Amino acid sequence: MDTQLKALKDATLADSYVFSQIMGQEKISKKFLELLLNCKIKKITPISEQDKPQDPLVSSNIWLDVCLEDGQDTLCKVSMQSLTQETDPRDLERRIRCCQAYLDGNIWENGIPYAEVPDTYIILVCSFDCYGYGLPLYLRVDQIRGYSDLAYTDGSYVWILNSAYTHSEANAPKELLEFLSYLHDEKSAFESDFVKDICAAVNDLRSDPAKEAAYRTCPQKVHKERSQAYEEAVQEGEKRMIALLNRLIQDGRTSEIPKVLGNAELKRELFRAYNL
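Residues numbered from 1 in each chain as written. Predicted model: local features only at pLDDT ≥ 70, side-chain atom pairs only at ≥ 80, totals over all residues. Heavy atoms only, no water.

A. Highlighting the overall build of the chain. Broken down by element type, the chain carries 8 helices and 8 strands. Here the chain holds 276 residues, and the buried ones make up 37% of them. Within the chain, residue pairs in contact and separated by at least 24 positions form 60% of the contacts whose partners lie at least 6 positions apart. Carbon and sulfur atoms make up 49% of the accessible area of the chain, which amounts to about 16600 Å² in all. (Helix = DSSP H or I, 4+ residues; strand = E, 2+ residues; numbered from the N terminus. Buried < 20%, exposed > 50% of the residue type's maximum accessible area, 1.4 Å probe, protein only. Contact = heavy atoms within 4.5 Å. Areas by Shrake-Rupley, 256 points an atom, 1.4 Å probe, with all protein chains shown as cover.)

Below, the structure is given as structure tokens:
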């Protein structure tokens, strides 16, 4: 992992820290979601810290409860995440699956009836074109195989935005296109108040000494958490291996130990057999 520290003044909206600080602001996230979902929002509430994913790789992203102004106070669970060019596109859809699991887990803990399960939206803002068609916006559509007119509607939605778009087709409003262009290049021309508000917020963030200090320690914190997790995994692996060797010795199977040490599949089989 690259732990080289850089100044906050050099970070753009595509930086995960800047993205979470800016897009997490209620005024900006409300306007962004209204543009994207094409509906009015009554209230936005950040999901509480204890209910957020604890995985350090995703904890800096934005998790929201969103109440729509549709007369029924429809509640949505929203995860907004910024993905950089370093993200492996092959992992994108499985990452979405993990995000969905986090959102659903937060819902199930409340024990609500199936009929009252809220919609969920996973919104990925990418600095690369994950599908290669040049579109600014990709929407996941679920349907029954072989029947394109038969929709599978479980209330989960995925929106993937592409700041590297090359075709400004009419699947995204002008303000969202300007937002994506700004994300891709801050020097790009923009006219909307929405992007002007984002630009002002980014400039304010860059000039905040407290945010500068937090930004500089952020890579170190993630690196420390990853290193700690790795060390814990190594220690756990060593404990399991020692336990397995002891069991083999107790069962008079010492002749199998050299095979176990050099055969990962055999090792896994024995772990299962001994319930280790």
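B. Main features of the sheet that holds strand E3 (residues 75–83). Here 6 strands make up an open sheet; going across it, the order is E1-E2-E3-E4-E8-E5 and the pairing mixed. In this open sheet, the two edge strands, each paired with only one partner strand, are strand E1 (41–46) and strand E5 (137–139). For this sheet, the mean angle separating the axes of adjacent strands, direction not counted, is 20 degrees. Where E3 lies against strand E4 (residues 119–126), 8 bridges are found, and the strand directions are parallel. Following the sheet pairing, Lys-77 is matched in E4 by Thr-120. The strands that helix H1 (residues 16–23) touches are strand E2 (62–68), E3 and E4; relative to E3, the one it contacts most, it runs at about 150 degrees. Set on the sheet, helix H4 (residues 174–184) makes contact with E4 and strand E8 (156–162); between it and E4 the angle comes to about 45 degrees. (Pairing = 2+ DSSP bridges. Axes fitted to C-alpha atoms, helices over the stretch in contact; angles between N-to-C directions.)

C. Up close: the nonpolar core. Core analysis: the largest hydrophobic core is formed by 45 residues, its most contacted members being Phe-32, Leu-33, Met-80, Ile-123, Phe-179 and Ile-198. Apart from residues no more than four positions distant in its own chain, Ile-198 is found in contact with Leu-13, Ile-22, Met-23, Ile-28, Phe-179 and Tyr-182. One finds Ile-122, Cys-126, Phe-128 and Tyr-138 within the second-largest nonpolar core, a separate group that totals 16 residues. (Core = buried A, V, L, I, M, F, W, Y, C linked by side-chain atoms within 4.5 Å.)

D. The arrangement of the pairing of strand E7 (residues 147–151) in detail. Of all 5 residues in E7, 0 are buried, a share of ten percent or less. Pairing geometry for strand E6 (residues 143–144) and E7, over 2 bridges, is antiparallel. Opposite Ile-144, over in E7, you have Tyr-147 as the bridge partner. Connecting E6 to the next strand, E7, in antiparallel fashion are 2 residues, including Gly-146 with a positive phi near 90 degrees.

E. Quick peek at the pattern of salt bridges. Under the counting rule described, the total for this entry stands at 10 salt bridges. As a salt-bridge pair, Arg-140 and Asp-142 come within 3.7 Å of each other at their nearest N and O atoms. Using a relative accessible area of 36% as the deciding quantity, one classes Arg-140 as partly exposed. Asp-142 gets classed as partly exposed once you look at its relative accessible area, which sits at 25%. In this structure, the salt-bridge partner of Glu-265 is Arg-268, at a minimum N-O distance of 2.9 Å. (Salt bridge = Lys/Arg side-chain N within 4 Å of Asp/Glu carboxyl O.)

F. Region of interest: the packing of H1 against helix H5 (residues 193–206). Relative to each other, H1 and H5 sit at 120 degrees, their axes nearing to 10 Å. Overall, the two elements H1 and H5 adopt an arrangement that is oblique. H1 and H5 meet at a crossing whose hand is right-handed. Together, Val-18, Gln-21, Ile-22 and Met-23 of H1 and Ile-198, Ala-201, Val-202 and Leu-205 of H5 make up the contact between the two elements. Taken together, the residues of the contact of H1 with H5 sort by class into 7 nonpolar, 1 polar and no charged. (Parallel < 35°, antiparallel > 145°, perpendicular 65-115°, else oblique. Left-handed = near helix turned anticlockwise from the far one by under 90°. Nonpolar A, V, L, I, M, F, W, Y, C, P; charged D, E, K, R; others polar.)

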